[in-house]
Amino acid sequence: MSLEAFVLGCGGMMPLPYRHLTSILLRREGELFLFDGGEGTQISLRRLNLKWKKINAIFVSHTHADHVTGLPGILMLSSQVERDDPLYIYGPPKIAEYIESSRKVLDMYINYPIVVKEISAPCVVHEGNGFYIRAFPLHHTKTCVGYTLEELDRPGQFDPEAALSLHVPRGPLWSKLQAGQTVLSADGMEIRPEQVLGPNRPGRKFSYVTDTLYLPGIAKEVYGSDLLVCEGMFANDVAEQAREKKHMTAKQAAQIAKDGKVKKLALIHYSPRYTDYELQVLQKEASEVFPETVLTKDRMVFDIPYED
């Protein structure tokens, strides 16, 4: 089962000709989850040729303009196709007011249900087949949350030789055992799944953190992530300015990744003060703390594989 993260934009505060505003689309098989959506989000969605009109849920970190002004356009354009499934929108207080006022002022034609849920972190906000999405509190100039998508453990690997030794013939009974069902062997004995399956295998974890002061506790929330997309807005020489604006430096993001034992850190939400060339400073400072650091770029794609 594939899990991919598409960087729709990596900039903060204002869009630049070569850098859209921070937004991530996560695709898990046929399901699409959008994390934030500033102005211009639709451009990267189209250029990546994603079936964005079928987005299942949108997760908003906070209601600053650079994270939400692209949402009205997405809502309106999603009405250009037939859709029966609801679109879920999650976010902190004010997100419902923003969506409702946008629909009213713009006189939107919407031909599908929109379910807006204001959340108070920490909590599980969305669940699906084999996974859940959880919100946790951050510390910004207004209420802000981070998100993790965590998959449930998968069954252990099937041992064909063990099944044959227990007189379970090849065929449908093997599928039932792999699905966790007890079956009868050819000689009438009950065979339980644990007799032919190895230990459970961990699922994958994706984390999204942006617009926050450095908080040591974030590491616990993102612990073990296969991919952590985290703001690294400033270089360390302006750490005091970052603190005043309640943002993080790239070095602080790397410390979270290190403490959280994540597998890969993808920096995002850069200050417009930095050109693409100058962003190398952010990567250098972060990599000194956490070597598995990459700089995101618009329309970059991350494949998130299983461990085995």
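Above this text is the structure in question.
Residues numbered from 1 in each chain as written. Predicted model: local features only at pLDDT ≥ 70, side-chain atom pairs only at ≥ 80, totals over all residues. Heavy atoms only, no water.

Asker: Quick question: what am I supposed to make of the pattern of salt bridges here?
Answerer: When charged atoms on two side chains of opposite charge get close, those side chains can pair. Counted under the stated rule, the structure contains twelve salt bridges. Where Arg-19 meets Asp-276, a salt bridge forms, and the shortest distance between an N and an O atom there is 2.9 Å. Of the two residues, Arg-19 is situated in the loop between strand 1 (3-9) and strand 2 (23-28) and Asp-276 in the loop between strand 14 (265-268) and helix 10 (279-289); the sequence distance between them amounts to 257 residues. Between Lys-263 and Glu-307 there is a salt bridge whose closest N-O contact spans 3.2 Å. With a gap of 44 residues between them, Lys-263 in the loop between helix 9 (250-259) and strand 14 and Glu-307 in the segment after strand 16 (301-303) connect regions that are remote in the sequence. In this structure, a network of salt bridges that share partners links the residues Arg-28, Glu-151 and Arg-204. (Salt bridge = Lys/Arg side-chain N within 4 Å of Asp/Glu carboxyl O. Helix = DSSP H or I, 4+ residues; strand = E, 2+ residues; numbered from the N terminus.)

Asker: Would you mind showing me how to read helix 4 (residues 95-105) here?
Answerer: Owing to its 3.6 residues per turn, the α-helix brings residues three or four apart onto one side. For helix 4, the set of buried residues is Ile-95, Ile-99 and Ser-102. All buried residues of helix 4 lie within an arc of 65° about the axis, which places them on one face of the element. Counted as exposed and oriented over 90 degrees from the buried face of helix 4: Lys-104 and Val-105. Looking at the buried residues of helix 4, the elements they touch are helix 2 (65-68), helix 3 (71-77), strand 5 (87-91) and strand 6 (114-118). Downstream of helix 4 by a residue or two, Asp-107 has a phi angle that is positive, lying close to 50°. (Buried < 20%, exposed > 50% of the residue type's maximum accessible area, 1.4 Å probe, protein only. Arc of directions from axis to C-beta. Contact = heavy atoms within 4.5 Å.)

Asker: Got a minute to help me understand helix 10 in this structure?
Answerer: For helix 10, the complete set of buried residues consists of Leu-279, Leu-282, Glu-285, Ala-286 and Val-289. Mapping the buried residues of helix 10 onto a view down its axis gives an arc of 125°, with all of them on the same face. The exposed set on the far side of helix 10, more than 90 degrees from its buried face, consists of Lys-284 and Glu-288. Where the residues of helix 10 are buried, they touch helix 9, strand 14 and strand 15 (293-295).

Asker: Could you clarify how one ought to interpret the sheet that holds strand 5 in this entry?
Answerer: Sheets are built from strands paired through backbone hydrogen bonds, the pairs being either parallel or antiparallel. In space, the seven strands of this open sheet follow the order 6-5-4-3-2-1-16, with mixed pairing throughout. Of all the strands in the sheet, the pair left with one neighbour each is strand 6 and strand 16. Each strand axis lies, on average, 20° off the axis of its neighbour in the sheet, ignoring direction. Bridge analysis of strand 1 against strand 2 gives six bridges, and the strand direction is antiparallel. Looking at strand 2, one finds that Val-7 is bridged to Ile-24. With respect to the sheet, helix 4 is in contact with strand 5 and strand 6, its orientation differing from that of strand 6 by roughly 150°. (Pairing = 2+ DSSP bridges. Axes fitted to C-alpha atoms, helices over the stretch in contact; angles between N-to-C directions.)

Asker: Mind showing me how you'd approach the side chain of Thr-63 here?
Answerer: Along the chain, Thr-63 falls in the loop between strand 4 (57-59) and helix 2. Of note is the side chain of Thr-63, whose polar atom sits 3.0 Å from the side chain of Lys-142. Setting aside chain neighbours within four positions, we find Thr-63 in contact with Val-68, Pro-93, Lys-94, Ile-95 and Lys-142. (Polar contact = N/O pair within 3.5 Å; in protein donor to acceptor, adjacent residues only side chain to side chain.)

Asker: When you look at the pairing of strand 5 in this model, what are you seeing that I'm missing?
Answerer: Among the five residues in strand 5, four count as buried, and that is most of the element. Pairing analysis gives five bridges linking strand 5 to strand 6, with the strands arranged parallel. Each residue of the ladder has a partner; that of Tyr-88, found in strand 6, is Val-115. Of the crossover connections in this fold, the one passing from strand 5 over helix 4 to the parallel strand 6 is right-handed. (Right-handed = clockwise from strand over helix to strand, strands pointing away.)

Asker: Where do I start with a nonpolar patch on the surface in this structure?
Answerer: There is a patch of nonpolar side chains on the surface, built from Met-76, Val-105 and Leu-106 and spanning about 280 Å² of accessible area. Counting through the fold element by element, Leu-106 comes out in the loop between helix 4 and strand 6. (Patch = residues over 30% accessible without salt bridge, like charges linked within 9 Å, V, L, I, M, F, W, Y side chains within 5 Å. Areas by Shrake-Rupley, 256 points an atom, 1.4 Å probe, with all protein chains shown as cover.)

Asker: What is the right way to read the sheet that holds strand 13 (residues 227-231) from this model?
Answerer: Reading across from one edge, 7-8-9-12-13-14-15 is the order of the seven strands in this open sheet, with mixed pairing throughout. Because the sheet does not close on itself, it has two edges, and the strands there are strand 7 (123-128) and strand 15. Taken pair by pair, the neighbouring strands of this sheet meet at an average axis angle of 20°, ignoring direction. Pairing analysis gives four bridges linking strand 9 (residues 145-151) to strand 12 (residues 205-209), with the strands arranged antiparallel. Each residue of the ladder has a partner; that of Thr-148, found in strand 12, is Ser-207. Where helix 9 meets the sheet, its contacts fall on strand 13 and strand 14, and the angle it forms with strand 14 comes to roughly 155°. Where helix 10 meets the sheet, its contacts fall on strand 14 and strand 15, and the angle it forms with strand 15 comes to roughly 170°.

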